[in-house]
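Chain by chain, the residues run as shown.
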Amino acid sequence: MSGATFGTDDRSRLLVGTALAVVALAVVSTTIFDLPVTAILTVGFAERALQAAAPIALAAIGGLYADKSGVFDIGLEGFMIFGAVLATAFTFFLGGEAPSQTNLWLGILGATLVSTLLSVAFAVLLVRYRANQIVARLAVWFIGLGFGPFIAVLLWGNRNSPGLTSMNDVIVPGLSELPILSSLLRNC
Amino acid sequence: VSDADSSRARDLLDRAADRVLDLTVLERFALAAASTVLALLIGLVIVAAAGYDPVQFLRFVFEGSFGDANATARTLKFTTILTVTGIAVAIAFRAGVFNLGVQGQFVVGGFTTVVTILWLAPTFPTGTVGGVLLMIFGTLAAIVAAGAYGALPGILKAYADANEIIMTIMLNSVAVGVVGYLVEGAFRGEGNRAPNTERLPEYVSLPQLVYDNPDFSILGFAVALLVVALVAVVLAQTTVGYDMVTSGYQQAAATFSGVDAKRIIVTTMTLSGMVAGVAGAVFAIIIQGYYSDPAGVGTYGFDAIAVSLLAANNPLGVVPASLLFGGLDSAASYISINSDIPVQLIDGIVGLVVLFVATPELFRMAAKRTGLGGADR
């Protein structure tokens, strides 16, 4: 699962291949299927792509730690669910339906701490009690799928929490003045 | 490796496998029971902590799963699908291949069944004979399509060094996306407001016996048991099955005794996909009668992983395991109607069961600590 090492040769070949495939896909979709590619590839598109990529990238960094140590963590999804529901719950307890920015950050901090404690308990189960790695990680996923919505229903009577305010934009002085990237980075 | 050597190696492996199996069957059964009880107990504690009545919850669980004929029929409906999908998972896990793509293969199979039956129906006679023929052809089409869909990640794992866990998980999304697209557009029934295919003709259905439930026929459960028997025989009595099981125990030993590891991976994934196809066909014909957006057909393929793990990937163990999970599913739909306890709790309990099954050491240590002489053996 891990340790697939590419030589530079393989890597550049892979890169060229991927680039060619993307170009081919673009050509085919514009000519045969008549997709308005230019209308799709806008700044807003790039912005939303970055937004959607953020949680995936964060989870992937977590998965990287597991993968580097030789285990394949398919339980990430479970801990992500717990993190999400806990962050929302903490924020809700701190600030109700109109939380302040501090409440939001505290919510994230609290969720991270509790999720860490949960994964320590899980690690004890894996190491001390020698649980089967893949099976136990699958179980974490199932537990998250069950107890995540369960907690939500207990707190809000619904699988969906009420809408929360979002984070304010963080403006990084140097980056927000770059010519093309600025419109992209300013709103993320 | 000479023939004599290889047959001796096989003999040795055979005896070793026998011993491992003998030792663990009882132990595994006790482990499964202990895990289930412990998970239910934790569930009851959570119910109590959340401010509901745990005794009433437990009563609902039993009433909703086997309380009356209606509940039993509903339980058997879930059990039927979980048995077949569970077998599909068990085949792969037994051979050491992690097929997490049973959900996708199940969707592809079910959709193929409906499309095939709708396409063939005009050329076949109506009535019982036509109905039976259509069901047979529909199921065969599902077996072929889902088998091919399962073989794909198998081939990529065997010959292109792909990771089958990632491949199969991703192919689930591909199946759901593509079938969803087709049901939405090209195969949507005429004048259907919802993204559903046309309904299957009335005569393409199994007769209502024993239970009077329009979504279930006991014959479907019989089909599931037939699949269990077939797969059990294939795994225990045929050379292919033997090669698969030995590969699962130890890849190196299997290769040493002359097993072509790559071919076994492809065979395993194909067989697993074929069984998932049967599950899809049974679901499409008996339960739904048409095909809808696969994002909403139920996660039988994922629940099947839990079923198979609880059964220690033993085909015969899949039947009681899927009875348990089918009962829990059935109880969940009963509870959602008759009480305000959040039903998601049931999914969490299923997860806890799997977690404890993965941790036999926990029970072993607990048994030693309390001096009970081993709750799990």
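Attention in this report is confined to the structure presented alongside it. These figures come from a predicted structure and were not determined experimentally.

**Re a nonpolar patch on the surface**
All names here are of chain A.
- On the surface, a nonpolar cluster with roughly 680 Å² of combined accessible area is contributed by Val 28, Ile 32, Phe 33, Leu 35, Ile 40, Leu 41 and Phe 45.
- Relative to the assigned elements, Val 28 resides in helix 1 (residues 8-31).
- Look at Val 28 and you get partly exposed, because its relative accessible area is 35%.

**Re the interface of chain B and chain A**
- Listed by partner, the interface residues are 29 residues for chain B and 25 residues for chain A.
- At the junction of chain B and chain A, the tally comes to zero salt bridges.
- Counting the contacts that link chain B with chain A gives zero residue pairs in polar contact (both at pLDDT 80 or more).
- Only helix 6 (164-184), helix 11 (300-310), helix 13 (344-357) and helix 14 (360-370) of chain B provide two or more residues apiece to the side of chain B that touches chain A.

**Describing unusual backbone geometry**
Residues and elements named next belong to chain B.
- One non-glycine residue, Asp 161, lies in the positive phi region at around 65 degrees.
- Tracing the sequence through the fold places Asp 161 in the loop between helix 5 (128-160) and helix 6.
- Classification of Asp 161 by relative accessible area gives exposed; the value is 72%.
- Look at Asn 313: it is not a glycine, yet its phi comes out positive at around 60 degrees.
- By secondary structure assignment, the location of Asn 313 is in the loop between helix 11 and helix 12 (315-338).

**Focus on helix 7 (residues 218-237) of chain B**
- Between its first and last C-alpha, helix 7 of chain B extends 28 Å over 20 residues, near the 28 Å set by a 1.5 Å rise per residue.
- On its buried side, helix 7 of chain B packs onto helix 3 (69-94), helix 8 (239-249), helix 10 (261-288) and helix 12 of chain B.

Reading guide: rules and limits
- Residues numbered from 1 in each chain as written.
- Chains lettered and ligands numbered in written order.
- Predicted model: local features only at pLDDT ≥ 70, side-chain atom pairs only at ≥ 80, totals over all residues.
- Heavy atoms only, no water.
- Patch = residues over 30% accessible without salt bridge, like charges linked within 9 Å, V, L, I, M, F, W, Y side chains within 5 Å.
- Areas by Shrake-Rupley, 256 points an atom, 1.4 Å probe, with all protein chains shown as cover.
- Salt bridge = Lys/Arg side-chain N within 4 Å of Asp/Glu carboxyl O.
- Helix = DSSP H or I, 4+ residues; strand = E, 2+ residues; numbered from the N terminus.
- Buried < 20%, exposed > 50% of the residue type's maximum accessible area, 1.4 Å probe, protein only.
- Contact = heavy atoms within 4.5 Å.
- Polar contact = N/O pair within 3.5 Å; in protein donor to acceptor, adjacent residues only side chain to side chain.
- Expected span 1.5 Å × (residues − 1).

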